[in-house]
Structures are given as structure tokens and as C-alpha cells.
Amino acid sequence: MKRGALIVFEGLDGCGKSTQLRRAAARLRTRGIEAVETREPTDGTWGRKIRAMAQSGEAESPETELAWFFADRREHMREVVTPALESGRVVLSDRSYISTVAYQGARGLDAAQILADSEAEFERPDLVLLFEIAAKEGLARVRARGGAAEPVFENLPFLERVEEIFASLEVVGLERIDASHSEGEIATAVLRLVEGCLSERL
Ligand code: TYD
């Protein structure tokens with residue numbers, strides 16, 4: 001059986017990627033393509049540990065944080081992503097190692113090295129949809145929707161560094177989407193890119 005496709009949705013907190021992922025999955029289903037929806041950090045042991053840390057306001061060292069994200073992703077690849085790709089399915093992932101490059105890079109670690117290590121170890125995405133929004137705007141949206149604050153990651157100076165790394169990122173399969181447009185306009189752009197990717201692969 002042909003390998004499926006891995007499409008990752010990336011961007012700053014508040015960029016709208018999770019909404020767009022759900023919409024894309026629903027559209028694919030109406031066309032008879034069963035998309036696997038997943039996310040990182042995961043809901044597994046490591047992912048829960050990461051969320052608890054982010055919400056506690058007490059950051060671990062950048063190195064520890066990096067190790068936790070890698071451990072979470074390793075488990076996610078082994079248990080969810082690789083098996084789905086091997087059975088020919090389309091995987092839509094809310095975040096991936098691209099987030100580690102940007103966020104842990106913004107914590108002072110070597111972004112280029114994180115990218116190289118990740119590409120060597122993990123499934124590479126066939127398409128990276130990067131939803132671009134200014135850090136200030138993203139944070140305002142996160143605050144407007146309420147929900148649990150994550151003081152470790154959701155503060156402006158830090159997110160501005162993340163924004164800079166996202167802006168300078170060069171990876172194969174990367175498509176930038178202006179996340180300031182309307183939800184409907186963005187959904188149309190996403191669908192066109194997803195269909196383009198799948199028509200080459202499936
Ligand atoms: P997020 O997608 O916002 O999850 P949720 O909606 O459940 O809160 O991810 C949580 C935070 O983790 C977010 O601020 C980005 C950060 N993060 C990293 O710092 N490195 C990573 O590798 C990943 C996947 C996320």
C-alpha cells in the first residue's frame with residue numbers, strides 16, 4: 001500500500017490553525033477521505049506533563065523542555081503517525097517539530113540544530129501550513145477566547161521571538177497563509193493546498 005500523507009498545521013498561539021484543521025478534516029471526509037486528526041503536545045503522559053508545566057507558570061530549563069517535547073513526539077510517531085501513514089491514511093497534525101524549532105529556538109536553543117535532529121528522526125511532513133499572524137494579534141485572540149492561560153509560552157516578548165523564527169523558516173513543503181483573513185477565505189486556501197498535496201500523493 002502507498003504511504004499516506006502528513007499535513008501539519010503550524011503557527012503562533014491564536015493563529016486559528018486548530019479551527020482550520022477541523023474544517024479541513026470535515027471537508028476531506030465529505031469526499032470519502034478519512035483524515036486522522038491529531039495534535040502535539042499529545043494527550044499522553046509526556047503531553048500532559050508539558051501542559052501542566054506550561055500552565056503552572058514554572059518553566060523547566062530549555063533543555064528539559066526540549067527533551068520532553070522530543071519524548072512526546074517519539075511516542076506520537078510510534079503509536080499514531082507512522083502506523084496511519086503506513087496504512088495509507090492522511091494525517092492532519094496540530095503542531096509538529098516545526099513548533100519545537102520555533103518555540104524552543106526562542107528559548108535560546110539552536111533552532112537549526114533542532115530542525116536537523118528532527119528531520120533525521122521523525123516523519124517529515126508532506127505539507128506544512130504555516131498560519132502567519134503577528135504575536136500581538138495572536139495573543140490578543142488567545143486572551144479574548146479565555147481558557148487556561150499558559151504563562152510559560154504565552155507572553156509577548158517570547159512570542160515575538162517565536163514569530164521571528166517562523167518568519168525566517170525554510171523547510172521543504174512549507175506554505176505560508178495570511179491568518180488575518182476571514183475564516184472562510186483561509187479555509188478555501190487551505191483546501192486548495194491540501195488537495196494539491198494529496199493529488200500528488202494518493
Ligand atoms: P498548543 O497547540 O497551544 O496546545 P493547547 O491548545 O492544548 O494549549 O500547544 C501548547 C504550547 O506548547 C504552545 O504555546 C506551543 C508550545 N509548544 C512548544 O513550545 N514546543 C513544541 O514542540 C510544541 C509542539 C508546542
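All of these numbers come straight from a predicted model, not from anything done at the bench.

Trainee: Just to check I follow, could you spell out the overall build of the protein chain for this structure?
Mentor: A count of helical and extended segments in the protein chain gives eight helices and five strands. In sequence order, the protein chain lays out its α and β elements as β-α-β-α-α-β-α-α-β-α-α-β-α. Computed over C-alpha atoms, the radius of gyration of the protein chain comes to 16 Å, within 12% of the 17 Å expected from 2.2 N^0.38 for 202 residues, which places it in the range of a compact globule. Projected onto the principal axes, the alpha-carbon positions of the protein chain cover approximately 45 × 35 × 30 Å. Each of the 202 residues in the protein chain was classed as buried or not, and the buried ones make up 50%. Pairs at least 24 apart in sequence give 80% of the contacts found in the protein chain among residues at least 6 apart. Just so you have it, the protein chain exposes about 9700 Å², and 49% of that area is on carbon and sulfur atoms.

Trainee: Hey, could you run me through empty space enclosed by the protein in this one?
Mentor: To find leftover empty space, a probe the size of one water molecule is rolled over the atoms. Applying the stated criterion across every chain yields a total of one cavity of 30 Å³ or more. A volume near 60 Å³ is recorded for the largest cavity. If you trace the largest cavity, you find it lined by L6, V8, E40, H76, M77, V81, S93, R95, S96, Y97, E123 and P125.

Trainee: Before we go on, may I ask you to explain the layout of surface pockets in this structure?
Mentor: Its volume calculated, the largest pocket comes out at about 800 Å³. Around the largest pocket, the lining comprises 33 residues; the ones closest to its centre are D13, K17, R95, R145 and E150. Secondary structure elements with two or more residues in the lining of the largest pocket: helix 1 (17-30), helix 2 (45-56), helix 3 (62-86), helix 4 (97-106) and helix 6 (135-144). For the lining of the largest pocket, the per-class residue count stands at nine nonpolar, eleven polar and 13 charged.

Trainee: Can you help me understand the pattern of salt bridges in this one?
Mentor: One side chain can pair with another of opposite charge once the charged atoms of both are near each other. Taken as a whole and assessed by the stated rule, the structure comprises 16 salt bridges. A salt bridge links R29 to E37; the nearest nitrogen and oxygen atoms lie 3.0 Å apart. Assessed through its relative accessible area of 38%, R29 is described here as partly exposed. Judged by its relative accessible area of 38%, E37 is partly exposed. Across the salt bridge formed by R74 and E121, the nearest N and O atoms sit 2.6 Å from each other. Of this pair, R74 sits in helix 3 while E121 is found in helix 5 (residues 111-121), placing the two residues 47 residues apart along the sequence. For E121, a relative accessible area of 39% gives the class partly exposed.

Trainee: Can you help me understand the site of the ligand in this one?
Mentor: Close to the ligand lie 15 residues; D13, R95, T100, Q104 and E150 are nearest. One of the side-chain nitrogen or oxygen atoms of R51 is found 2.9 Å away from an oxygen atom of the ligand. With respect to the ligand, the side chain of T100 contributes an N or O atom lying 2.5 Å from an oxygen atom. Out of a free accessible area of 550 Å², the ligand has 87% covered by protein chains. Taking a 2 Å distance to the grid points as the criterion, the majority of the atoms of the ligand fall inside the largest pocket. Looking at the shell around the ligand, the elements that each hand over two or more residues are helix 3 and helix 4. Per-element accounting of the shell around the ligand gives the leading share, four residues, to helix 4.

Trainee: Would you take a moment to explain the packing of helix 6 against helix 7 (residues 156-168) for this structure?
Mentor: Working note: a packed helix pair is described by the angle between its axes plus the distance between those axes. Axis separation between helix 6 and helix 7 bottoms out at 9 Å; the angle between their running directions is 125 degrees. Classified by the interaxial angle, the pair formed by helix 6 and helix 7 is oblique. When the axes of helix 6 and helix 7 are compared, the crossing they make is right-handed. Facing helix 6, whose interface residues are A135, K136 and L139, helix 7 presents L156, L159, E160 and E163. Each residue belonging to the contact of helix 6 with helix 7 can be placed in one class, and the counts come to four nonpolar, no polar and three charged.

Parameters and conventions
- Residues numbered from 1 in each chain as written.
- Predicted model: local features only at pLDDT ≥ 70, side-chain atom pairs only at ≥ 80, totals over all residues.
- Heavy atoms only, no water.
- Helix = DSSP H or I, 4+ residues; strand = E, 2+ residues; numbered from the N terminus.
- Rg over C-alpha atoms; globule rule 2.2 N^0.38 Å.
- Buried < 20%, exposed > 50% of the residue type's maximum accessible area, 1.4 Å probe, protein only.
- Contact = heavy atoms within 4.5 Å.
- Areas by Shrake-Rupley, 256 points an atom, 1.4 Å probe, with all protein chains shown as cover.
- 1 Å grid on protein atoms, 1.4 Å probe; cavity = no way out; pocket = protein on both sides within 12 Å on 5 of 7 lines; lining within 4 Å.
- Points joined across faces, edges and corners; volume = space filled by probe spheres on them.
- Nonpolar A, V, L, I, M, F, W, Y, C, P; charged D, E, K, R; others polar.
- Salt bridge = Lys/Arg side-chain N within 4 Å of Asp/Glu carboxyl O.
- Near = heavy atom within 4 Å.
- Polar contact = N/O pair within 3.5 Å; in protein donor to acceptor, adjacent residues only side chain to side chain.
- Sits in = over half its atoms within 2 Å of the grid points.
- Axes fitted to C-alpha atoms, helices over the stretch in contact; angles between N-to-C directions.
- Parallel < 35°, antiparallel > 145°, perpendicular 65-115°, else oblique.
- Left-handed = near helix turned anticlockwise from the far one by under 90°.

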